[in-house]
Amino acid sequence: MNRIFGSSSSKKPRPTLQDAISSTDTRMASIEVKIKKLDGELARYKEQMSRLRNGPGKNAIQERALRTLKQKRMYEAQLAQLTQQTFNMESAALATENLRNTMATVDAMKQANKELRKQYGKIDVDKIENIHYDMEDLLEQANEIQETLGRSYAVPDEIDEADLQAELDALELDVEEEGPSYLSDLNKAPDFIDEPPVEVSETPEQKEAVKTSA
């Protein structure tokens, strides 16, 4: 029997708040279309009454206009109620969403707090302070070593600036008196020549040849 007619457990899911909002919006759109149609009828009745004189015909049109106006007022009241209902449901949906986000944030904070406690529980503050002090001592020792290595040996502690300047001036005077030595070595024979070169005088034939060529 359950296979044919189905069991009571196979029920349709209950509509959510968003489903209710969507359904209400559809109803509001339908009512707005009806109100717009009634506005068109009222405009037509108004035009007809403006062209008729007082009498049975005009009175009949007035009766129709009154019924149409009452119907419009009824639809407008329904539209106002549905608008308020939609506003309330949207507010409830927003509050629900905010509450859901808040709960998710709280759960995340709880998890983070648990992880922080777990990690910081492994850290010994006293050990960290001891490491810090050891680093300071090592840095001080390194600075002392650098200062020791940078000391100068066999250098007088006090040097007279005037003596240094006088010695520098004396060196400059010696260089000026000696002059450049490379000019005096131009006529000097190289070291690899055993005998100095012999000057050869020109013969009369060579002199005559020079005059002829000139």
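The residue numbering used here restarts from 1 in each chain and proceeds along that chain's sequence as written. Confidence filtering applies because this is a predicted model: local features only for residues at pLDDT of at least 70, side-chain atom pairs given and counted only at 80 or more, and all residues used for totals across whole chains, interfaces and linings. With hydrogens and water excluded, all non-hydrogen atoms of the structure serve as input to the side-chain values.

(A) Quick look at the overall build of the protein. Regarding its fold elements, the protein presents six helices and zero strands. In this description a helix means any DSSP run of H or I spanning at least four residues, a strand means any run of E spanning at least two, and both kinds are numbered starting from the N terminus. For the protein, the succession of helices and strands along the chain, N to C, is α-α-α-α-α-α. Here the term buried applies to any residue with accessible area under 20% of the maximum for its type, exposed to any over 50%, and partly exposed to those in between, with areas from a 1.4 Å probe on protein chains only. Within the protein, buried positions represent 9% of all 214 residues. Contact criterion: two residues are considered in contact whenever any of their non-hydrogen atoms come within 4.5 Å of each other. When contacts within the protein are restricted to residue pairs at least 6 apart in sequence, those whose partners lie at least 24 apart make up 77%.

(B) Quick look at helix H2 (residues 17-51). In this scheme, a helix's expected span is set at 1.5 Å multiplied by one less than its residue total. A rise of 1.5 Å per residue sets the reference length of H2, with its 35 residues, at 51 Å; its end C-alpha atoms lie 52 Å apart and thus fit the reference within 8%. Inspection of H2 places Ile21, Thr24, Met28, Ile31, Ile35, Leu38, Leu42, Tyr45 and Met49 among the buried residues, and these make up the whole buried set. Packed against the buried residues of H2 are helix H3 (56-120).

(C) Fine view of a negative patch on the surface. The grouping of Asp134, Glu136, Asp137, Glu140, Glu144 and Glu147 at the surface amounts to a negative patch. Residue Asp137 is classed as partly exposed on the basis of its relative accessible area, which comes to 41%. Each patch is assembled from residues with relative accessible area greater than 30% and no salt bridge, linking like charges that lie within 9 Å and nonpolar side chains (Val, Leu, Ile, Met, Phe, Trp, Tyr) that lie within 5 Å. We get accessible surface area from the Shrake-Rupley algorithm with a probe of 1.4 Å; when it comes to residues, only the shown protein chains can shield them. For this analysis, a salt bridge means a side-chain nitrogen from Lys or Arg found within 4 Å of a carboxyl oxygen belonging to Asp or Glu. For this count, His and the chain ends are skipped, Lys and Arg are scored as positive, and Asp and Glu as negative. To locate a charge, the coordinates of NZ of Lys, CZ of Arg, CG of Asp or CD of Glu are taken.

(D) Summary view of the environment of Arg27. Residue placement: Arg27 occurs in helix H2. The spatial distance from the C-alpha of Arg27 to the C-alpha of Leu82 is 8.1 Å, given a sequence separation of 55 residues.

(E) Looking closely at the side chain of Lys72. Mapped onto the elements of the fold, Lys72 is located in helix H3. If we skip the residues at most four places from it in the chain, Lys72 touches Ile35, Leu38, Asp39 and Leu42.

(F) Highlighting a nonpolar patch on the surface. Together, Leu116, Tyr120, Ile123 and Ile128 make up an exposed nonpolar region whose accessible area comes to about 420 Å². Locating Ile123 in the fold gives a position in the loop between H3 and helix H4 (125-149).

(G) Fine view of the pattern of salt bridges. Going through the model one piece at a time under the given rule, you end up with four salt bridges. The partner of Lys72 in a salt bridge is Asp39, and the shortest N-O contact between them spans 2.5 Å. Of this pair, Lys72 sits in helix H3 while Asp39 sits in helix H2, and the two are 33 residues apart along the sequence. Relative accessible area serves as the criterion here: at 15%, Lys72 is assigned to the buried category. Across the pair Glu76 and Arg73 runs a salt bridge, and its minimum N-O distance is 3.6 Å. On the criterion of helical spacing, the pair formed by Glu76 and Arg73 is a turn pair, its members being three residues apart in helix H3. Accessibility expressed as a relative area gives 32% for Glu76, which makes it partly exposed. Three or more residues joined by partner-sharing salt bridges are found here, namely Asp39, Lys72, Arg73 and Glu76.

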